[in-house]
Amino acid sequence: MAEQNCLVTNDWICGEYLRSRSQELFDATLEHVGITVASVAIGVAVALPLALLARRFRFLAGPILGVTTVLYSVPSLAMFSLLLPFFGLSVSLVVTGLVLYSLTVLVRNILAGLQAVPEEARDAAKGMGYGPLRLLWEVELPLALPALLAGVRITTVSTVALTTVGAIVDYGGLGTLILDGLDTTFKAQVLTASVLCVLLAVTADLLLLGLQRLLTPWTRAHRTRTSRASRKAAVTKVAEPA
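Predicted model only: the values in this text are computed from it and were never measured.

Trainee: Outline helix α10 (residues 187-215), listing residues and values.
Mentor: Relative to the 42 Å expected for 29 residues at 1.5 Å per residue, α10 spans 42 Å between its end C-alpha atoms, a close match to the ideal helical length. Of the positions making up α10, those classed as buried are A188, Q189, V190, T192, A193, C197, L200, A201, A204, L208 and Q212.

Trainee: Lay out the environment of L215 in plain terms, naming residues and giving numbers.
Mentor: Of note, L215 is situated in helix α10. Each residue touching L215, except ones within four places of it in the same chain, is listed here: L145 and L149.

Trainee: Let's hear about the packing of aromatic side chains: which residues, and what values?
Mentor: One pass over the full model with this rule turns up three aromatic pairs. With a centroid separation of 6.1 Å and 90 degrees between ring planes, the pair formed by Y72 and Y101 is classed as edge-to-face. Taken together, the residues span a long stretch of sequence, with Y72 in helix α4 (residues 61-73) and Y101 in helix α6 (residues 91-115) at a distance of 29 residues. On the basis of relative accessible area, Y72 is assigned to the partly exposed category, the value being 42%. Positioned above the aromatic ring of Y130, the side-chain terminus of R134 is 3.9 Å from the ring centre.

Trainee: Hey, could you go over the nonpolar core for me, with residue numbers and the actual values?
Mentor: Among the nonpolar cores identified, the biggest contains 33 residues, and A47, V94, V107, I110, L114 and V152 are the most heavily contacted of them. Those elements giving two or more residues to this core turn out to be α3 (22-56), α4, α5 (76-87), α6 and α8 (132-162). Broken down by element, the residue count for this core peaks at 13 residues, all from α6. Those residues within four positions of I110 in sequence are excluded, and the remaining contacts are A47, L48, A51 and L148. Counting 15 residues, the second largest nonpolar core, distinct from the first, contains Y17, V160, A188 and L200.

Trainee: Can you lay out helix α9 (residues 174-183) for me, pointing to particular residues and giving the numbers?
Mentor: Within the sequence span of α9, burial applies to L174, G175, T176, L177, I178 and G181. In this fold, the buried residues of α9 make contact with α2 (15-20), α3 and α10. T185 sits one or two positions beyond α9 and adopts a positive phi of about 50 degrees.

Trainee: I'd like a description of the environment of T36, backed by residues and values.
Mentor: Along the polypeptide, T36 turns up in helix α3. Residue classification places T36 among the buried residues on the basis of a relative accessible area of 6%. Each C-alpha atom, one on T36 and one on V99, is 9.5 Å from the other, the two residues being 63 residues apart in sequence.

Trainee: Go over unusual backbone geometry, please, and point to the residues and values.
Mentor: If a residue is not glycine, its phi is most likely negative; likewise, a peptide bond is most likely trans. One non-glycine residue, D170, adopts positive backbone phi at about 70 degrees. In this structure D170 comes out as exposed when scored by relative accessible area, which is 53%. Of note, the phi angle at T185 is positive, near 50 degrees, even though the residue is not glycine. Within the secondary structure layout, T185 lies in the loop between α9 and α10. Residue T185 is classed as exposed on the basis of its relative accessible area, which comes to 52%.

Thresholds, definitions, all that
- All residue numbers refer to positions counted from 1 along the written sequence of the respective chain.
- Thresholds applied to this predicted model are a pLDDT of at least 70 for local features of residues and 80 or more for the giving and counting of side-chain atom pairs; totals over whole chains, interfaces and linings are not thresholded and use all residues.
- Neither water nor hydrogens contribute to the side-chain values; these are computed over all heavy atoms in the structure.
- To qualify as a helix, a DSSP run of H or I must reach at least 4 residues; to qualify as a strand, a run of E must reach at least 2; elements of each kind are numbered from the N terminus.
- Here the expected length of a helix is defined as 1.5 Å per residue gap, with one fewer gap than residues.
- Type-normalised accessible area, obtained with a 1.4 Å probe on protein chains alone, sets the label of each residue: buried when under 20%, exposed when over 50%, and partly exposed for intermediate values.
- Working rule for contacts: check all heavy atoms of both residues, and any pair within 4.5 Å makes them a contact.
- When the centres of two rings from Phe, Tyr and Trp lie within 6.5 Å, Trp using its six-membered ring, the rings pair. Their planes under 30 degrees apart give stacked, over 60 give edge-to-face, and anything left gives tilted.
- Charge-over-ring contacts are defined here by two conditions on Lys NZ or Arg CZ: a distance within 6 Å of the ring centre and an angle within 35 degrees of the ring normal.
- By nonpolar core is meant a set of buried Ala, Val, Leu, Ile, Met, Phe, Trp, Tyr and Cys residues that side-chain atoms within 4.5 Å join together.

Following this line, the structure appears as C-alpha coordinates:
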(Lines give C-alpha, C1' and ligand atoms only; values in the text may rest on other atoms or scores of the structure.)
Protein backbone atom coordinates (compact mmCIF):
# COMPACT_ATOMS: atom_id res chain seq x y z
CA MET A 1 0.00 0.00 0.00
CA ALA A 2 2.83 2.34 0.93
CA GLU A 3 4.54 1.57 -2.37
CA GLN A 4 1.37 2.42 -4.30
CA ASN A 5 1.14 5.77 -2.50
CA CYS A 6 4.75 6.78 -3.16
CA LEU A 7 3.60 8.85 -6.14
CA VAL A 8 1.22 10.73 -3.88
CA THR A 9 3.85 11.28 -1.18
CA ASN A 10 6.42 12.21 -3.88
CA ASP A 11 9.14 9.86 -2.64
CA TRP A 12 12.57 9.77 -4.26
CA ILE A 13 12.42 6.00 -4.72
CA CYS A 14 9.09 4.83 -6.11
CA GLY A 15 8.42 1.44 -7.69
CA GLU A 16 5.01 2.57 -8.86
CA TYR A 17 6.65 5.27 -10.96
CA LEU A 18 8.82 2.66 -12.69
CA ARG A 19 5.77 0.53 -13.45
CA SER A 20 3.45 3.30 -14.58
CA ARG A 21 6.02 5.27 -16.62
CA SER A 22 8.09 2.38 -18.04
CA GLN A 23 7.24 3.25 -21.67
CA GLU A 24 8.13 6.90 -21.14
CA LEU A 25 11.45 5.90 -19.57
CA PHE A 26 12.16 3.48 -22.42
CA ASP A 27 11.43 6.08 -25.09
CA ALA A 28 13.59 8.69 -23.37
CA THR A 29 16.45 6.22 -22.96
CA LEU A 30 16.19 5.18 -26.61
CA GLU A 31 16.30 8.82 -27.71
CA HIS A 32 19.29 9.43 -25.43
CA VAL A 33 21.20 6.47 -26.89
CA GLY A 34 20.31 7.47 -30.45
CA ILE A 35 21.52 11.05 -30.02
CA THR A 36 24.73 9.86 -28.33
CA VAL A 37 25.56 7.25 -30.98
CA ALA A 38 24.83 9.63 -33.86
CA SER A 39 26.91 12.42 -32.30
CA VAL A 40 29.93 10.24 -31.59
CA ALA A 41 29.81 8.53 -35.00
CA ILE A 42 29.59 11.83 -36.87
CA GLY A 43 32.27 13.27 -34.59
CA VAL A 44 34.69 10.48 -35.53
CA ALA A 45 33.85 10.92 -39.22
CA VAL A 46 34.67 14.65 -38.98
CA ALA A 47 37.66 14.34 -36.63
CA LEU A 48 39.55 11.75 -38.70
CA PRO A 49 40.00 13.97 -41.81
CA LEU A 50 40.90 16.93 -39.58
CA ALA A 51 43.55 14.85 -37.79
CA LEU A 52 44.93 13.60 -41.11
CA LEU A 53 45.05 17.17 -42.39
CA ALA A 54 46.87 18.33 -39.25
CA ARG A 55 49.32 15.45 -39.58
CA ARG A 56 49.95 16.08 -43.29
CA PHE A 57 50.29 19.88 -43.05
CA ARG A 58 51.87 20.60 -39.69
CA PHE A 59 51.30 24.35 -39.94
CA LEU A 60 47.56 23.58 -39.78
CA ALA A 61 47.81 21.52 -36.57
CA GLY A 62 47.82 24.57 -34.30
CA PRO A 63 44.80 26.30 -35.89
CA ILE A 64 42.78 23.06 -36.08
CA LEU A 65 43.44 22.16 -32.45
CA GLY A 66 42.87 25.76 -31.41
CA VAL A 67 39.49 26.00 -33.14
CA THR A 68 38.27 22.70 -31.67
CA THR A 69 39.35 23.85 -28.21
CA VAL A 70 37.50 27.16 -28.62
CA LEU A 71 34.37 25.29 -29.73
CA TYR A 72 34.57 23.10 -26.63
CA SER A 73 34.80 26.18 -24.40
CA VAL A 74 31.57 27.72 -25.76
CA PRO A 75 28.73 27.32 -23.20
CA SER A 76 26.01 24.96 -24.35
CA LEU A 77 23.27 27.60 -24.26
CA ALA A 78 25.36 29.90 -26.44
CA MET A 79 26.23 27.05 -28.80
CA PHE A 80 22.60 26.07 -29.30
CA SER A 81 21.64 29.72 -29.78
CA LEU A 82 24.26 30.11 -32.53
CA LEU A 83 23.09 26.93 -34.27
CA LEU A 84 19.38 27.66 -33.88
CA PRO A 85 18.98 29.75 -37.09
CA PHE A 86 20.46 26.89 -39.14
CA PHE A 87 18.67 23.88 -37.62
CA GLY A 88 15.66 25.23 -35.75
CA LEU A 89 14.26 23.42 -32.72
CA SER A 90 15.17 19.92 -33.88
CA VAL A 91 17.26 16.93 -32.92
CA SER A 92 19.77 18.03 -35.57
CA LEU A 93 20.49 21.10 -33.44
CA VAL A 94 21.45 18.92 -30.48
CA VAL A 95 23.49 16.43 -32.52
CA THR A 96 25.43 19.19 -34.28
CA GLY A 97 26.28 20.87 -31.00
CA LEU A 98 27.45 17.58 -29.50
CA VAL A 99 29.56 16.82 -32.59
CA LEU A 100 31.32 20.18 -32.25
CA TYR A 101 31.99 19.50 -28.56
CA SER A 102 33.43 16.05 -29.36
CA LEU A 103 36.05 17.30 -31.82
CA THR A 104 38.57 18.60 -29.29
CA VAL A 105 39.08 15.15 -27.73
CA LEU A 106 38.75 13.10 -30.91
CA VAL A 107 41.08 15.18 -33.08
CA ARG A 108 43.78 15.28 -30.41
CA ASN A 109 43.63 11.55 -29.73
CA ILE A 110 43.57 10.52 -33.38
CA LEU A 111 46.45 12.88 -34.18
CA ALA A 112 48.45 11.60 -31.21
CA GLY A 113 47.84 8.00 -32.29
CA LEU A 114 48.95 8.68 -35.87
CA GLN A 115 52.05 10.54 -34.73
CA ALA A 116 52.98 7.64 -32.44
CA VAL A 117 53.15 5.12 -35.32
CA PRO A 118 56.81 4.02 -35.58
CA GLU A 119 58.58 5.36 -38.63
CA GLU A 120 60.08 1.89 -39.13
CA ALA A 121 56.58 0.48 -39.68
CA ARG A 122 55.84 3.10 -42.32
CA ASP A 123 59.17 2.52 -44.07
CA ALA A 124 58.64 -1.25 -44.09
CA ALA A 125 55.15 -0.86 -45.58
CA LYS A 126 56.41 1.54 -48.24
CA GLY A 127 59.19 -0.92 -49.07
CA MET A 128 56.51 -3.57 -49.65
CA GLY A 129 54.81 -1.31 -52.18
CA TYR A 130 52.01 0.12 -49.99
CA GLY A 131 50.45 3.26 -51.41
CA PRO A 132 49.27 6.17 -49.18
CA LEU A 133 45.71 4.88 -48.75
CA ARG A 134 46.72 1.29 -48.10
CA LEU A 135 49.43 2.48 -45.70
CA LEU A 136 46.86 4.51 -43.79
CA TRP A 137 44.19 1.80 -43.73
CA GLU A 138 46.32 -1.28 -43.05
CA VAL A 139 49.22 0.11 -41.01
CA GLU A 140 48.72 3.54 -39.50
CA LEU A 141 45.08 3.36 -38.40
CA PRO A 142 45.42 -0.11 -36.76
CA LEU A 143 48.47 1.08 -34.82
CA ALA A 144 46.68 4.31 -33.87
CA LEU A 145 43.57 2.39 -32.81
CA PRO A 146 44.30 2.36 -29.04
CA ALA A 147 44.53 6.16 -28.92
CA LEU A 148 41.51 6.54 -31.22
CA LEU A 149 39.33 4.24 -29.12
CA ALA A 150 40.48 5.91 -25.91
CA GLY A 151 39.25 9.19 -27.37
CA VAL A 152 35.96 7.58 -28.38
CA ARG A 153 35.47 6.29 -24.83
CA ILE A 154 36.05 9.72 -23.30
CA THR A 155 33.84 11.37 -25.90
CA THR A 156 31.01 8.87 -25.46
CA VAL A 157 30.87 9.25 -21.69
CA SER A 158 30.93 13.06 -21.94
CA THR A 159 28.31 13.00 -24.71
CA VAL A 160 25.96 10.91 -22.57
CA ALA A 161 26.14 13.68 -19.99
CA LEU A 162 25.96 16.57 -22.47
CA THR A 163 22.93 15.09 -24.25
CA THR A 164 20.84 16.06 -21.24
CA VAL A 165 21.41 19.73 -22.14
CA GLY A 166 19.26 19.11 -25.23
CA ALA A 167 16.30 19.21 -22.86
CA ILE A 168 16.21 23.00 -23.35
CA VAL A 169 14.93 22.35 -26.90
CA ASP A 170 12.94 19.25 -25.86
CA TYR A 171 15.44 16.79 -27.42
CA GLY A 172 17.47 15.76 -24.41
CA GLY A 173 16.47 12.13 -23.94
CA LEU A 174 16.59 11.45 -20.24
CA GLY A 175 17.55 15.09 -19.71
CA THR A 176 14.04 16.08 -20.75
CA LEU A 177 12.62 13.94 -17.94
CA ILE A 178 15.13 15.42 -15.48
CA LEU A 179 14.21 18.98 -16.46
CA ASP A 180 10.48 18.25 -16.31
CA GLY A 181 10.93 16.58 -12.94
CA LEU A 182 12.83 19.57 -11.58
CA ASP A 183 10.16 21.97 -12.85
CA THR A 184 7.42 19.97 -11.14
CA THR A 185 9.53 18.81 -8.15
CA PHE A 186 8.78 15.21 -9.18
CA LYS A 187 11.48 13.49 -7.12
CA ALA A 188 11.13 9.94 -8.44
CA GLN A 189 11.41 11.11 -12.05
CA VAL A 190 14.52 13.21 -11.36
CA LEU A 191 16.28 10.40 -9.50
CA THR A 192 15.32 7.63 -11.93
CA ALA A 193 16.34 9.56 -15.05
CA SER A 194 19.61 10.64 -13.41
CA VAL A 195 20.49 7.08 -12.40
CA LEU A 196 19.70 5.86 -15.93
CA CYS A 197 22.10 8.48 -17.33
CA VAL A 198 24.87 7.23 -15.07
CA LEU A 199 24.13 3.61 -15.99
CA LEU A 200 24.22 4.51 -19.71
CA ALA A 201 27.61 6.17 -19.32
CA VAL A 202 29.10 3.25 -17.36
CA THR A 203 27.64 0.65 -19.75
CA ALA A 204 28.90 2.50 -22.82
CA ASP A 205 32.38 2.82 -21.33
CA LEU A 206 32.54 -0.88 -20.45
CA LEU A 207 31.32 -1.92 -23.91
CA LEU A 208 33.89 0.31 -25.62
CA LEU A 209 36.61 -0.97 -23.29
CA GLY A 210 35.71 -4.52 -24.29
CA LEU A 211 35.76 -3.52 -27.96
CA GLN A 212 39.14 -1.86 -27.49
CA ARG A 213 40.60 -4.99 -25.88
CA LEU A 214 39.13 -7.14 -28.66
CA LEU A 215 40.50 -4.98 -31.49
CA THR A 216 43.93 -4.35 -29.97
CA PRO A 217 45.12 -7.69 -28.56
CA TRP A 218 48.77 -6.72 -29.09
CA THR A 219 48.52 -4.07 -26.35
CA ARG A 220 47.67 -6.77 -23.80
CA ALA A 221 50.54 -8.92 -25.01
CA HIS A 222 52.90 -5.96 -24.69
CA ARG A 223 51.71 -5.22 -21.15
CA THR A 224 52.13 -8.88 -20.24
CA ARG A 225 55.70 -9.00 -21.56
CA THR A 226 56.54 -5.75 -19.79
CA SER A 227 55.07 -7.02 -16.53
CA ARG A 228 56.99 -10.29 -16.78
CA ALA A 229 60.22 -8.47 -17.55
CA SER A 230 59.69 -6.17 -14.56
CA ARG A 231 59.03 -9.11 -12.22
CA LYS A 232 62.08 -10.95 -13.54
CA ALA A 233 64.27 -7.89 -13.00
CA ALA A 234 62.93 -7.48 -9.47
CA VAL A 235 63.59 -11.13 -8.62
CA THR A 236 67.11 -10.92 -10.06
CA LYS A 237 67.85 -7.81 -8.03
CA VAL A 238 66.63 -9.42 -4.82
CA ALA A 239 68.67 -12.56 -5.53
CA GLU A 240 71.92 -10.62 -6.02
CA PRO A 241 74.34 -10.94 -3.10
CA ALA A 242 74.77 -7.87 -0.94
